[in-house]
Amino acid sequence: MRVITGSARGRRLRALEGEEVRPTTDMVKEAIFSIIQFDIEGSVVLDLFSGSGQLGIEALSRGAKYCRFVDNSSASAECTRENIAACGFKDECGVTVSDSIDFLRGVRMTFDIALLDPPYRNGLIEKAMPLLESKMSDRGIVVCEHEKGLVLPDSFGRLIKSKTYRYGRIEVTVYRIPVPDEEEE
């Protein structure tokens, strides 16, 4: 596992091992960041269900100004902290050990981009999205990585499903808050 591009390009990232761990493949990670590439610069990012932190670290490497990493596993949080330090991003992020739903209920921050890669088949995306919608900025984008065949709703409040992409047994569904057309003078 490595950082694909940006200021930390090529840095190897540590990942936890075990059956509960399912790091995002480089192919899917590259696809995700191709989809949101023009929205990353200067953004505030949430890496929910962060695991090793690879998605948030990729966003920081590509110019995000801040990333909050959240995972309910202290071992994952420690792995994330090690990867952050190895990439030199200590000052641009925070790591929280918390249940994702509890975090979303209590957080007061607003995010431009949220990256969700929860354990599959637990309904966590469907539980998180209604809470996440109110935490997103007016230019908000939510990227959900999930198992093939999961059909997510067309919207969660202001978040409107933009598109679902398929990569073998993995799908990525993107939600955006529509930007109102600028009025002409």
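These remarks concern the structure in this document. (Residues numbered from 1 in each chain as written. Predicted model: local features only at pLDDT ≥ 70, side-chain atom pairs only at ≥ 80, totals over all residues. Heavy atoms only, no water.)

**Thoughts on the overall build of the protein chain**
When helices and strands are counted, the protein chain shows five helices and eight strands. Seen in sequence order, the protein chain has helices and strands lined up from the N terminus as α-β-α-β-α-β-α-β-α-β-β-β-β. Taken over C-alpha atoms, the radius of gyration comes to 15 Å for the protein chain, in line with the 16 Å a tight globule of 185 residues would show. In terms of overall dimensions, the protein chain has a C-alpha envelope of 50 × 40 × 35 Å along the principal axes. The buried share of the protein chain, reckoned over its 185 residues, is 50%. Surface accessibility of the protein chain: about 9,500 Å² in total, with carbon and sulfur atoms responsible for 46%. Side-chain charges in the protein chain split into 25 positive and 30 negative, and the spacing between the mean points of these groups amounts to 4 Å. (Helix = DSSP H or I, 4+ residues; strand = E, 2+ residues; numbered from the N terminus. Rg over C-alpha atoms; globule rule 2.2 N^0.38 Å. Buried < 20%, exposed > 50% of the residue type's maximum accessible area, 1.4 Å probe, protein only. Areas by Shrake-Rupley, 256 points an atom, 1.4 Å probe, with all protein chains shown as cover. Lys, Arg positive; Asp, Glu negative; His and termini not counted. Charge placed at Lys NZ, Arg CZ, Asp CG, Glu CD.)

**So, the sheet that holds strand β4 (residues 111-116)**
Across the sheet, eight strands lie side by side as β3-β2-β1-β4-β5-β8-β7-β6; this open sheet has mixed pairing. If you trace the sheet from one side to the other, it starts and ends with β3 (93-97) and β6 (155-156), each paired once. Relative to the sheet, helix α3 (residues 74-87) contacts β2 (66-71) and β3, its axis offset from that of β3 by approximately 165 degrees. (Pairing = 2+ DSSP bridges. Contact = heavy atoms within 4.5 Å. Axes fitted to C-alpha atoms, helices over the stretch in contact; angles between N-to-C directions.)

**Observations regarding the environment of Arg105**
Structurally, Arg105 is set in helix α4 (residues 100-106). Since its relative accessible area comes to 58%, Arg105 is described here as exposed.

**Some words on the pairing of strand β5 (residues 136-147)**
A large share of β5 lies buried, amounting to 10 of its 12 residues. Inspection of the sheet shows β4 paired to β5 by five bridges, in the parallel sense. Residue pairing in the sheet places Leu116 in a bridge with Cys144 of β5. In this fold, the crossover linking β4 to β5 by way of helix α5 (residues 124-133) has right-handed handedness. In this structure, β5 lies alongside strand β8 (residues 170-176), joined through seven bridges in antiparallel fashion. In the sheet register, His146 faces β8, and the bridge partner there is Glu171. (Right-handed = clockwise from strand over helix to strand, strands pointing away.)

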